[in-house]
Amino acid sequence: MGNKELSIIIPVYNEQENLRPLFSELSGVLEKNRLSAEVIFVNDGSTDKSETILAEICEKNSNTKTLSFTRNFGQTAAISAGIRESSGDLIITMDADMQNDPADIPRLIEEINDTCDVVSGWRKKRKDSLFSRKLPSCLANYLISFMTGIKLKDYGCTLKVYRSHFLRKVDICGEMHRFLPAILGYMGARIKEVPVNHRPRQRGVSKYGMSRIFKVVLDLLTVKFMGEYISKPIYLFGGTAFFFLFFSGIFSAITLYKKFFEGIFVKDQPLFLVAILFAIIGVQFALLGLLAEILVRTYFKINDRPNYLIKSRK
Ligand code: UDP
Ligand code: MG
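Being a predicted model, the structure only gives us computed values, none of them experimental.

A look at unusual backbone geometry
In step 1: Positive phi outside glycine occurs at N14, with the angle close to 50 degrees.
In step 2: Tracing the backbone shows N14 in the loop between β1 (6-12) and α1 (16-32).
In step 3: We note that M98 has phi near 70 degrees; this positive angle belongs to a residue other than glycine.
In step 4: Mapped onto the secondary structure, M98 falls in the loop between β4 (90-93) and α4 (105-111).
In step 5: On the accessibility criterion, M98 (14% relative accessible area) is buried.

Right, dumping it as structure tokens:
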């Protein structure tokens, strides 16, 4: 594989004990398999000695660089910065805590042949605690797969290989790095999942607590909306408006029928209040849809981006 065809992006937040062993393990694997790759560490505002250690590693090794953030911006921002900095045709992301095994990299690259664009690692024998990690993750994987239609067993594994053609076209924020396969799936990428090795964390501590559950649910909403309705938000909001206005009409008709044919005063029919409420909500949704349409047009224009992606030109 020629120079710079492969970019490896590693987000780092307070991983001082892991960096040297990780890099030597990674270089060993690359050397053994005759792979040439640029390695991009993104130091996400570490407060320990990570920055110094990374500077040392980069000084001694060509094709290795470190971007250091001014403060902790999060793993998604780190991966995003790495993608912008990278120049490879294939991009690999992996954790800096040595839980991912670099020895899996050659196999993942082999799997990404002409028939797929993303090869996602599946930590089949995950070495994390059951209640705080594996159970919430199992639920999240099911929910994300169900909502987005991109069925994966392990969204949370950072070890993945992507065709950079797709990755360079996405904007990710919040904690969205774990949704990348779904986001790329919406863009037409073909995705494959292969089992990878997973090891317990030997040094340092995990950077996440249970609060990520809420973030996952909120990010999922954004991903679903951006993936399915970004180019036509009026279909979603207008559809909801139709639903409310339709039932508002039916409830109003029932109220009027009861008034004229059964002699029940409108003030004695609570259903009329529901009809009014539904009418207001319906109109609000319709207006929201129109506003969203205007915003979306601005979004595509500002980013100078079409709402489609071309696969090839012949
Ligand atoms: N990480 C990061 N910024 C953060 C949190 C984490 O760059 O704000 C990095 C961290 O150094 C590690 C990877 O993201 O390389 C995964 O983090 P961690 O191992 O704590 O997650 P877990 O394995 O517990 O899901
Ligand atoms: Mg970890």
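Remarks on the site of ligand 1
In step 1: Taken together, 18 residues surround ligand 1, and among them D44, D97, R133, S206 and K207 come closest.
In step 2: Q75 has a polar side-chain atom sitting 3.4 Å from an oxygen atom of ligand 1.
In step 3: When isolated, ligand 1 has an accessible area of 530 Å², and the protein chains bury 95% of it.
In step 4: In terms of residue class, the shell around ligand 1 is made up of five nonpolar, five polar and eight charged.

Comments concerning the sheet that holds strand β6 (residues 160-163)
In step 1: The strand order across the open sheet formed by seven strands is β3-β2-β1-β4-β6-β5-β7, and the pairing between neighbours is mixed. Bordering the open sheet on either side are β3 (64-68) and β7 (191-196), each of which pairs with just one other strand. Between one strand axis and the next, the sheet turns through 20 degrees on average, direction left out of account.
In step 2: Across six bridges, strand β5 (residues 118-123) lies against β7 in parallel orientation. Residue V118 lies in a different strand from β7, and its bridge partner there is I191.
In step 3: Sheet contacts for helix α2 (residues 50-60): β1, β2 (37-43) and β3; angle to β3, the most-contacted strand, approximately 155 degrees.

Some remarks on the pattern of salt bridges
In step 1: This structure, assessed with the given rule, holds 18 salt bridges.
In step 2: When the shortest N-O distance is used, the salt bridge between D101 and R199 registers 3.8 Å. In this pair, D101 is assigned in the loop between β4 and α4 and R199 in the loop between β7 and α8 (212-229), connecting sequence segments 98 residues apart.
In step 3: In this structure D101 comes out as buried when scored by relative accessible area, which is 11%.
In step 4: Where E111 meets K192, a salt bridge forms, and the shortest distance between an N and an O atom there is 2.8 Å. Taken together, the residues span a long stretch of sequence, with E111 in helix α4 and K192 in strand β7 at a distance of 81 residues.

A word on helix α5 (residues 130-148)
In step 1: Taking 1.5 Å of rise per residue, 19 residues should cover 27 Å, and α5 covers 25 Å from first to last C-alpha, within 8% of that figure.
In step 2: Within α5, the full set of buried residues consists of R133, S137, A140, N141, I144, S145 and T148. When α5 is viewed along its axis, its buried side chains cluster within an angular range of 125 degrees and face the same direction. In α5, the exposed positions angled more than 90 degrees off the buried face are occupied by F131, C138, L139, Y142 and F146.

Remarks on the packing of aromatic side chains
In step 1: Within the structure shown, the criterion is met by 15 aromatic pairs.
In step 2: Grouped by ring-pair contacts, the aromatic residues F225, Y229, F237, F243, F244, F246, F247, F251, F278 and F285 constitute a single cluster.
In step 3: It is K153 that lies over the ring of W122; its NZ or CZ is 4.4 Å from the centre.
In step 4: Stacked on the ring of F260, the Lys or Arg K259 has its end atom at 5.6 Å from the ring centre.

A word on the pairing of β1
In step 1: The element β1 is extensively covered by neighbouring structure, given that seven of its seven residues are classed as buried.
In step 2: Side chains L6, I8, I10 and V12 project from β1 onto one buried face, and the interleaved S7, I9 and P11 project onto a second face that is buried too.
In step 3: Alignment of β1 against β2, held across seven bridges, turns out to be parallel. Bridge pairing in β2 links I8 to V39.
In step 4: The handedness of the β1 to β2 crossover, carried by α1, is right-handed.
In step 5: Taken together, the four bridges between β1 and β4 define a ladder with parallel strand orientation. In the strand pairing of β4, S7 is matched with I91.

What counts as what
- Residues numbered from 1 in each chain as written.
- Chains lettered and ligands numbered in written order.
- Predicted model: local features only at pLDDT ≥ 70, side-chain atom pairs only at ≥ 80, totals over all residues.
- Heavy atoms only, no water.
- Helix = DSSP H or I, 4+ residues; strand = E, 2+ residues; numbered from the N terminus.
- Buried < 20%, exposed > 50% of the residue type's maximum accessible area, 1.4 Å probe, protein only.
- Near = heavy atom within 4 Å.
- Polar contact = N/O pair within 3.5 Å; in protein donor to acceptor, adjacent residues only side chain to side chain.
- Areas by Shrake-Rupley, 256 points an atom, 1.4 Å probe, with all protein chains shown as cover.
- Nonpolar A, V, L, I, M, F, W, Y, C, P; charged D, E, K, R; others polar.
- Pairing = 2+ DSSP bridges.
- Axes fitted to C-alpha atoms, helices over the stretch in contact; angles between N-to-C directions.
- Contact = heavy atoms within 4.5 Å.
- Salt bridge = Lys/Arg side-chain N within 4 Å of Asp/Glu carboxyl O.
- Expected span 1.5 Å × (residues − 1).
- Arc of directions from axis to C-beta.
- Phe/Tyr/Trp six-rings, centres within 6.5 Å; stacked < 30°, edge-to-face > 60°.
- Lys NZ or Arg CZ within 6 Å of the ring centre and 35° of its normal.
- Right-handed = clockwise from strand over helix to strand, strands pointing away.

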